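Chain by chain, the residues run as shown.
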Amino acid sequence: MERETRAASRERRYLVEPFLDFLALERGLRPRTCNAYRSDISRFLAYLDDCGTDGPTGIGHQLLHDYLGHLGEEGMAATSIRRAQSALRAYFGFLILEGIITEDPTERMDRPVTAKKLPQFLSQDEAARVVEAVDADSRTYWRDRAVLELLYATGIRVSELTRLSLGDLDIDHGTCLVFGKGGKERLVPVGEVALRAVERYLRGVRPGLSRGAGKAALFLNQRGTRLGRMSVWTIVSRAAKRAGISRRVSPHTLRHSCATHLLEGGADLAAVQELLGHADISTTQIYTHLDREYLRETHRRFHPRNR
């Protein structure tokens, strides 16, 4: 109980609750993200206690440098340290806005180097086989086909697909209004093949699934409620197995495949960034690495001097 009281007093002293309110109300971050930031800041404040610091005004660059070194010595992964740094930048940015401090100690904070892992993607032939591999005898054939076609055609995240409502899809103009991370919305074009699959689903399958509970949800499950993330994962993995692909295939694999195939076809990087809803183009640039890998492999396989 004494420890809880001390922690609560520490959070009041360092304005943790106002900071979390700022994240939720001003920046629109989701509760899960806010909780992660709280965890990172709480770990930092516990370290400050050991250093004898009694408030945010006494925190300088060297102290932050020592703290990040401490995290590394504790065995924290570079990706986790980067997240901790993001929390610290947000926290001190909040203190600057509130006039609590005048200089941001995170300005000279170095980022730990992390190796970029290239995401898995399907070849164009494999992607076509997956989206066409739905069980033809299933009563939800056109729903599942529409789900797969839409994921591959637009590159949207599985969470974005399950949040789609009927009014978000404009079939006449071939577009879809998608609500992404942080509540940001973007308009995504939908190809003709995907639109036809969705139309078949809306005409022939959705009326039989709807029992009123799903209301305006675009994709419904067998109970008539909004289709969930795990159901979409099941649809994708079953289709991949039917397509004869032994490696793991997820909804995110179709997202990566969409981006990769667009760049292979000559799409502009900024356009792909907008399509995928990446806040930072550096996130999209990983697909240029994929594209170069594809080109190298193609050269190795087909150039006459490599055979």
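Since the model is a prediction, treat every value here as computed from it, not as a measurement. (Residues numbered from 1 in each chain as written. Predicted model: local features only at pLDDT ≥ 70, side-chain atom pairs only at ≥ 80, totals over all residues. Heavy atoms only, no water.)

Novice: Help me out: how do you make sense of the packing of helix H7 (residues 141-154) against helix H9 (residues 192-204) in this one?
Specialist: Two quantities define a packed helix pair, namely the angle between the axes and the distance from one axis to the other. At a minimum axis separation of 8 Å, H7 and H9 run at an interaxial angle of 155°. As summarised for this structure, H7 and H9 are arranged roughly antiparallel, according to the angle between their axes. Regarding H7 and H9, the two cross each other, and that crossing is left-handed. Mapping the contact onto sequence places Trp 142, Arg 143, Arg 145, Ala 146, Glu 149, Leu 150 and Ala 153 in H7 and Val 193, Ala 194, Ala 197, Val 198, Arg 200 and Tyr 201 in H9. Residue composition of the contact of H7 with H9, by class: nine nonpolar, no polar and four charged. (Axes fitted to C-alpha atoms, helices over the stretch in contact; angles between N-to-C directions. Helix = DSSP H or I, 4+ residues; strand = E, 2+ residues; numbered from the N terminus. Parallel < 35°, antiparallel > 145°, perpendicular 65-115°, else oblique. Left-handed = near helix turned anticlockwise from the far one by under 90°. Contact = heavy atoms within 4.5 Å. Nonpolar A, V, L, I, M, F, W, Y, C, P; charged D, E, K, R; others polar.)

Novice: Could you clarify how one ought to interpret the side chain of Arg 157 in this entry?
Specialist: You can see Arg 157 is positioned in the loop between H7 and helix H8 (158-162). On the accessibility criterion, Arg 157 (10% relative accessible area) is buried. Only 2.5 Å separates the side chain of Arg 157 from the side chain of Glu 160, close enough to count as a polar contact. If near-sequence neighbours (up to four positions away) are discounted, Arg 157 is found in contact with Lys 181, Arg 186, Arg 255, Leu 276, Gly 277 and His 278. (Buried < 20%, exposed > 50% of the residue type's maximum accessible area, 1.4 Å probe, protein only. Polar contact = N/O pair within 3.5 Å; in protein donor to acceptor, adjacent residues only side chain to side chain.)

Novice: Mind showing me how you'd approach the pattern of salt bridges here?
Specialist: A pair can form between side chains of opposite charge whenever their charged atoms are brought close. This structure, assessed with the given rule, holds ten salt bridges. Arg 143 is the salt-bridge partner of Asp 144, the closest N and O atoms lying 2.9 Å from each other. Like Arg 143, Asp 144 is buried. The structure contains a network of salt bridges with shared partners spanning Glu 11, Glu 17 and Arg 38. (Salt bridge = Lys/Arg side-chain N within 4 Å of Asp/Glu carboxyl O.)

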